[in-house]
Structure formats: structure tokens, C-alpha cells
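# What the coordinates show
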Amino acid sequence: MIDVQQVSKVHLRGHLEVRALDQITCQIPTGSFTFILGPSGSGKSTLLYLLGALDEPTTGTITIHGKSLQSMTPRERDQFRRKEAGFIFQNFNLLSNLSALENVLVPFLPQGVTSPQRQKAGELLERLGLGSRMEHRPNQLSGGEQQRIAIARALLKQPKLVLADEPTGELDTANSLAILGDLRALCREQNSTVVVVTHEHEYIQPGDHVIRIRDGRIADSGSNPSA
Ligand SMILES: Nc1ncnc2c1ncn2[C@@H]1O[C@H](COP(=O)(O)OP(=O)(O)OP(=O)(O)O)[C@@H](O)[C@H]1O
Ligand SMILES: [Mg+2]
């Protein structure tokens, strides 16, 4: 379970304080597929970055699987980001001079890639329908294919927590539904908790957890009984 308690986040824009999140309290069940919904500027990305320890709350605490992010040392937080959290962004963040397969392996390059990791990366790309695209560069691939690479890259380390910020925002509906379906299937197998920021209600399925944000506050939170 991820427990968000009384979390506020104030961004500084010059001398202006922007309260992106205002005393948010919510829970995300372990193993759930959770959506964060809300209008533009409501604080969705801010909350996602806090969950991934990419940013720190101004006040409040976030406890992930029993461990509070705020009580961790910077080194422990860094370990959490690298080992336990997998990030997927709207613009894919792929390296243009690397092949699809190498892009999936990027997080492991600093330590040196082992052959089981290379094999697993290939398997993930095959599962995502990119078996014949492994040596292609990102600019030789469609947007949907690029996002599948980013998904494989995020999942290769088998993160406990997968965080996706509008991962299909640039794709058409059919492609988006297919990609979210693949993400669901793979994360279920890996027992990962998934949090997806989106504007699209049509992606929500029965049993998904939904958190609605409005003006930096929780408007509604709970399990979705029907799609
Ligand atoms: N680094 C920052 N510096 C200053 N203000 C910020 C920063 N990041 C976000 N904000 C402000 O905080 C508020 C919430 O932003 P956030 O990006 O979390 O919204 P969002 O719900 O993800 O919106 P969108 O759907 O447009 O992506 C907005 O008013 C935004 O302008
Ligand atoms: Mg956003």
C-alpha cells in the first residue's frame, strides 16, 4: 500500500508561490492499477513525481510499502528511484543514437549489462510486438512503438512501482488502449503497482483504483465498480 498523508507541494515561480497540492491524503493499494485523473494544472504530475521521489513534498509524508520516503537518506531515495520505481513519460525520453534494444538496457549500462538482462530485454520487446524492431533507432519507429520501448525500459528492472505520466497522450485511441492493455498484462505478471496519469476516462476498467484531483485537492478516490 502507498499511503499519502497530508501532502502539500508549493512550487516557487520566481517569488510567486504556487500551491500545486493542498493537504492531499489518499491510498494506493499494492498491486492495483490506479489512475490519477483531473483537469490540466490540477497537480497530477506533481503527485506522480512525489510518489517516485523525483521531487519532495513541502509538507506531509508518503509511505511506500511500509517505508516513508521522507525518512530515507538521499542515498536510500536514490536506490528507491533506480531499483523500485519505473518511470514512463509522455515524450518517451529515448536516446536517438541507440537501438531499441539498447534503449531498454539504458538503466543497466552504468553497471554493465549481463546476458540474462539482455535476453529479458529482448523478450520484453517481443512481448510488446517489437521483435523485428530491436535494432531500429527511435526515429525509425512510430510513436506507439517508441512508447513500447519506454515501457520495456521501465519494466526490465521489475519495479514494485510503475509510474506513467500521460503515457499515451500523443497516440490515437486504438494504439493507446492496446498499449495500456500490454502494460496491464505485464505489470500483473510482475506484481507491480501501477499509477497512470491520464485525461481519458475510457481507459478505466472495473476494479481499477481511481484518484480524482481538482485544484490540488482530492475530489474523489476509490475503487471503480464499473467502467
Ligand atoms: N516546477 C514548477 N514550478 C512552478 N510551478 C509549477 C511547477 N510544476 C508545476 N507547477 C504548477 O503547479 C500546478 C500543478 O501542475 P501539474 O504539472 O502537477 O499539473 P497537471 O495536473 O499535471 O497538469 P497537466 O494535465 O496540464 O499536465 C500548476 O499550476 C503548475 O503551473
Ligand atoms: Mg501533467
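Rules behind the numbers
- Residues numbered from 1 in each chain as written.
- Chains lettered and ligands numbered in written order.
- Predicted model: local features only at pLDDT ≥ 70, side-chain atom pairs only at ≥ 80, totals over all residues.
- Helix = DSSP H or I, 4+ residues; strand = E, 2+ residues; numbered from the N terminus.
- Rg over C-alpha atoms; globule rule 2.2 N^0.38 Å.
- Buried ≥ 20, exposed ≤ 12 C-beta atoms within 10 Å, placed from the backbone.
- Contact = placed C-beta atoms within 7 Å.
- Pairing = 2+ DSSP bridges.
- Near = placed C-beta within 6 Å.
- Nonpolar A, V, L, I, M, F, W, Y, C, P; charged D, E, K, R; others polar.
- Core = buried A, V, L, I, M, F, W, Y, C linked by C-beta atoms within 7 Å.
- Axes fitted to C-alpha atoms, helices over the stretch in contact; angles between N-to-C directions.

### Some details on the overall build of the protein chain
Tallying secondary structure elements over the protein chain gives six helices and ten strands in all. Its C-alpha radius of gyration of 17 Å places the protein chain within 12% of the 17 Å reference for a compact globule of 227 residues. Its C-alpha atoms give the protein chain principal-axis dimensions of roughly 45 × 40 × 35 Å. Expressed as a percentage of the 227 residues in the protein chain, the buried residues total 37%. When contacts within the protein chain are restricted to residue pairs at least 6 apart in sequence, those whose partners lie at least 24 apart make up 69%.

### Remarks on the sheet that holds strand β5 (residues 67-68)
In space, the four strands of this open sheet follow the order β2-β1-β4-β5, with antiparallel pairing throughout. Edge positions in the sheet fall to β2 (16-28) and β5, since each of these pairs with one other strand and no more. As defined by bridge partners, strand β1 (residues 2-13) adjoins strand β4 (residues 59-64) across five bridges and the pair is classed as antiparallel. The residue of β4 that forms the bridge with S8 is T59.

### Focus on the site of ligand 1
In the neighbourhood of ligand 1, the contacting residues comprise H11, R13, V18, A20, G38, S40, G41, S42, G43, K44, S45 and T46. Ranked by residues supplied to the shell around ligand 1, first place goes to helix α1 (residues 44-51) with three residues. Each residue belonging to the shell around ligand 1 can be placed in one class, and the counts come to two nonpolar, eight polar and two charged.

### Overview of the nonpolar core
Counting residues in each nonpolar core, the largest one holds 57 residues, and the members touching the most others are I36, V104, A152 and L163. Aside from chain neighbours lying at most four places away, what touches V104 is A121, L124, L125, I149, A152, R153 and L156.

### Comments concerning the sheet that holds strand β9 (residues 209-214)
Each strand in a sheet pairs with its neighbour through backbone hydrogen bonds, running either in the same direction (parallel) or in the opposite one (antiparallel). The six strands lie next to each other as β6-β7-β8-β3-β9-β10, forming an open sheet whose pairing is mixed. Each having just a single partner strand, β6 (85-88) and β10 (217-223) make up the two edges of the open sheet. Averaged over all pairs of adjacent strands, the angle between strand axes in this sheet comes to 15°, irrespective of strand direction.

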